[in-house]
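Survey of secondary and tertiary structure
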Amino acid sequence: MSKSSPAPAARSHAGGPLSGIARAPGDKSISHRAIILGAMASGTTQITGLLEGADIISTAGAMRAFGADITRSDDGTWTVTGVGPAGLSAPKSDIDCGNAGTGVRLIMGAASAYPITASYIGDASLSVRPMGRVVDPLREMGVAAAGAPGDRLPMIITGTPDLKPLRYAPPHASAQVKSAILLAGLGATGITEVREAHKTRDHTENMLRAFGCPVETIDNGDGQIVRLTGPAALTGTRVIVPGDPSSAAFLMVAALIVPGSDIIIENVMMNPTRTGLFETLTEMGGSIQADNFKTSGGEVIADIRVRYSKLHGIVVPPRRAPSMIDEYPILCMAAAVANGETVMDGIEELRVKESDRIAATMAILQSAGVKARETKTGMIVTGSPAPRGGGLITTHHDHRIAMSALILGLVCDNPMEIDDAAMIATSFPDFFDMMQTLGADITQTENSA
Ligand code: S3P
C-alpha cells in the first residue's frame, strides 16, 4: 500500500458456508416515522423494536430539540411524549440530522405548520444531497426556506400557522417527498394530496392512520393518490417496528452467493412496497422461502429461509425500482456472480442517495474485476463465477456501499476492503456481529472508527 492510501477500516474474505438464524434489525423508515409522529402527537407513544442506529438517534435528538420528551428504558422500549396541540417549539440550536435523508426531509415537513425557525445541518454526505425536492412544495405551502446553493444544507426554514394545503405530483418517485408534504398537510386547512406516478413505500400513510388521522389512498395501477384533510390531530399510540427488509437484503445475498449456505432471517417486513428485491432474486433463481407469516404493528412479517443458489442474470423491470430502491448496490453483488447479464434501468434516483450509488457500485465491481458498466439511468453487470476481488473501496459515507463491498468479498479470490465502516451503524449497528455469527469472515480492523 502506498503511503497516501487510506488504511482499511474493515475487510472480508471468502470462507465456508453461512448457517444459523439471524434477526433483521428494526426498519429504518418506520423507526424515523415513529419518533417524528410520536413527537407531534398528544400523549405518549411506546415504540418497541426501534432501530437504534445512528440515523434514528439523530432524529430523536432533533425531535427533542423541537420540544418532545424521548426516553429509552432498559428493556429497549422507547417512550415519546409528544407536544400535541401546543405544537413544536423553536429549537435552540442547529438540527443535526447526521447522515439521514429521511430524517431531515420528514422533519422539515413536520415543522412546516409552526411559526418557528430551524436551521438544518448534516454530515458531508447529507450536505450534498438535494433538498429542493422537499422545500419547493413546502414553499408552495407557505414556508420560507434558504439554503446553500442548489438548495442544500445548511438550510434555514421558517414555518407558518397559515400553511396552505397542496395538491402535488412529485417529479420523482419519493416516499420522503410524499411524507414531508403529508406531515406538513396535517397543519394546513383543507385537502393535501400527493399524486404518485409510481407507488412508493406507504409507511407514513399507515402510521398516520394508526395515530388517528384518516388518510385516503386511491390506487390507480402503478400509481396512487394519497390524501388527508387538515388540520388533523395525532394521538400517541403503540408502535411495533418490524425488521428491515433493506438490511435483511445483505444477509440474504450473502447466503445466496456463498456456496453451501443455508440461513433463516427472522422478523422481516413483507410490505409489498419494500419487497422488490425478494422478487428479483427469486427470478434470478434464488432459493428464498418465506414462512411463519404474522401481522405485527400493522405490517406482515415473516421468517425467510435463504439457501445458496446458482443465480442467473435477468432484466429487472424498471417499474419495480421504488420497491427496491435501496437494494440495487447489494443486488449488483448477486449479479456479479450470476450467470449472464443483469440489466437495471430507471434507477437514476440512485445518483442522489447517501452517495452516487451507480458510480460507487461500479467502483466496487470494477475494483473486484467484475465486468460492469453504467448508463445514465442504470447499470449492466456481467457475472463471473469467481471474481478476483482485492480492492480498497471508497464508501463515500454510504452504509449500503460499505456493506455491499464486504458481502462481495465473501466470494472473491482476494479480500475486499473498505476505507470507512462507521456509517454501517446508521442502519445496521449489529452487522459485523451478525455476519460473524452466521460464519462470515468479515472483520473491522484497528483503523475502524
Ligand atoms: C425512504 C425513502 C427512500 C429510500 C430511503 C428511505 C423513506 O428515499 O431511499 O432510504 O423512509 O421514506 P426516496 O424517498 O428519496 O426515494
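Every chain is numbered on its own, with residues counted from 1 as its sequence reads. Only residues with pLDDT of at least 70 are given local features in this predicted model, and only at 80 or more are side-chain atom pairs given and counted; all residues enter the totals for whole chains, interfaces and linings. By convention in this description, side-chain values take in all heavy atoms of the structure and omit both hydrogens and water.

Notes on the packing of helix α7 (residues 245-257) against helix α8 (residues 276-283)
Relative orientation of the contacting elements α7 and α8 amounts to 15 degrees, with a least axis distance of 10 Å. In terms of their interaxial angle, α7 and α8 are classed as roughly parallel. Note that α7 runs across α8; the crossing there is right-handed. Taking contact as the criterion, the partners of P245, A249, M252, V253 and L256 in α7 are, on α8, L277, F278 and L281. In terms of residue class, the contact of α7 with α8 is made up of eight nonpolar, no polar and no charged. Axes here mean lines fitted to C-alpha atoms, for a helix over just the part in contact, with angles spanning 0 to 180 degrees between N-to-C directions. Helix and strand definitions follow DSSP, with helices as H or I runs of at least four residues and strands as E runs of at least two, each counted in order from the N terminus. Oblique is the label for any angle not covered by the other classes, which are roughly parallel (under 35 degrees), roughly antiparallel (over 145) and roughly perpendicular (65 to 115). Note: crossing handedness is left-handed where the near helix turns anticlockwise from the far helix by less than a right angle, and right-handed where it turns clockwise. It only takes one pair of heavy atoms within 4.5 Å for two residues to be counted as in contact. The classification used treats Ala, Val, Leu, Ile, Met, Phe, Trp, Tyr, Cys and Pro as nonpolar, Asp, Glu, Lys and Arg as charged, and all other residues, Gly among them, as polar.

Quick word on the pattern of salt bridges
What counts as a salt bridge is simple: a side-chain nitrogen of Lys or Arg found within 4 Å of a carboxyl oxygen of Asp or Glu. Applying the stated criterion across every chain, the model contains 27 salt bridges. The partner of R23 in a salt bridge is E266, with the nearest N and O atoms 3.7 Å apart. In this pair, R23 is assigned in strand β2 (residues 19-23) and E266 in strand β15 (residues 262-269), connecting sequence segments 243 residues apart. Judged by its relative accessible area of 26%, E266 is partly exposed. The shortest N-O distance in the salt bridge between D326 and R357 comes to 3.4 Å. Exposed residues in this analysis have more than 50% of their type's maximum accessible area, buried residues have under 20%, and partly exposed residues fall in between, with area computed by a 1.4 Å probe over protein chains only.

With respect to the sheet that holds strand β16 (residues 287-296)
Sheet strands associate in pairs through backbone hydrogen bonding, adopting either a parallel or an antiparallel arrangement. Here four strands make up an open sheet; going across it, the order is β2-β15-β17-β16 and the pairing mixed. Among the strands making up the open sheet, the edge pair consists of β2 and β16. Put simply, the sheet's adjacent strands are angled 15 degrees from each other on average, direction ignored. A pair of strands is treated as paired once DSSP finds two or more bridges between them. Sheet topology places β15 next to strand β17 (residues 299-307); six bridges connect them, and they run antiparallel.

Side note on the site of the ligand
The environment of the ligand is made up of S29, R33, T102, A173, S174, A175, Q176, R201, I325, D326 and K353. Throughout this description, a polar contact denotes any pair of N or O atoms lying within 3.5 Å of each other; where both atoms belong to protein, one of them has to be capable of donating a hydrogen while the other can accept it, and for residues adjacent in sequence the pair is counted only when both atoms sit in side chains. At 2.7 Å, a side-chain N or O of S29 approaches an oxygen atom of the ligand. K353 is positioned such that a nitrogen or oxygen atom in its side chain is 2.7 Å from an oxygen atom of the ligand. For the shell around the ligand, the secondary-structure elements that each account for two or more residues are α1 (28-40) and α5 (175-185). Here the residues of the shell around the ligand are counted per class, giving three nonpolar, four polar and four charged. Looking at which domains feed residues into the shell around the ligand, each of domain 1 (10-26 + 243-444) and domain 2 (28-240) gives three or more. Any residue with at least one heavy atom within 4 Å of a molecule or strand is counted as near it. Residue ranges for the domains originate in an automatic or database domain assignment.

What about the nonpolar core?
We call a set of buried Ala, Val, Leu, Ile, Met, Phe, Trp, Tyr and Cys residues a nonpolar core when their side-chain atoms join them within 4.5 Å. I407 and F431 are the most contacted members of the largest nonpolar core, which totals 80 residues. Top element by residues in this core is α7. It accounts for 10 residues. Among the nonpolar cores identified, the runner-up in size contains 69 residues, and I35, M108, Y168 and A184 belong to it.

Quick word on the packing of α8 against helix α9 (residues 328-335)
Two numbers describe how α8 lies on α9: the axes approach to 11 Å, and their chain directions differ by 10 degrees. Comparing their axes, α9 and α8 come out roughly parallel. On α9, the residues touching L277, T280 and L281 of α8 are I330, L331 and A334. Its residues placed into classes, the contact of α8 with α9 shows five nonpolar, one polar and no charged.

Re the packing of aromatic side chains
For Phe, Tyr and Trp, where Trp contributes only its six-membered ring, two rings pair if their centres lie within 6.5 Å, and the inter-plane angle classes them as stacked under 30 degrees, edge-to-face over 60, or tilted in between. Taken as a whole, this structure holds two aromatic pairs when the rule is applied. With a centroid separation of 5.5 Å and 70 degrees between ring planes, the pair formed by F428 and F431 is classed as edge-to-face. Judged by relative accessible area, F428 falls into the buried class, the value being 0%. Centroid distance F431 to F432: 5.4 Å. Interplanar angle 80 degrees. Geometry classified as edge-to-face. Through a chain of ring-to-ring contacts, three or more aromatic side chains come together here, namely F428, F431 and F432.

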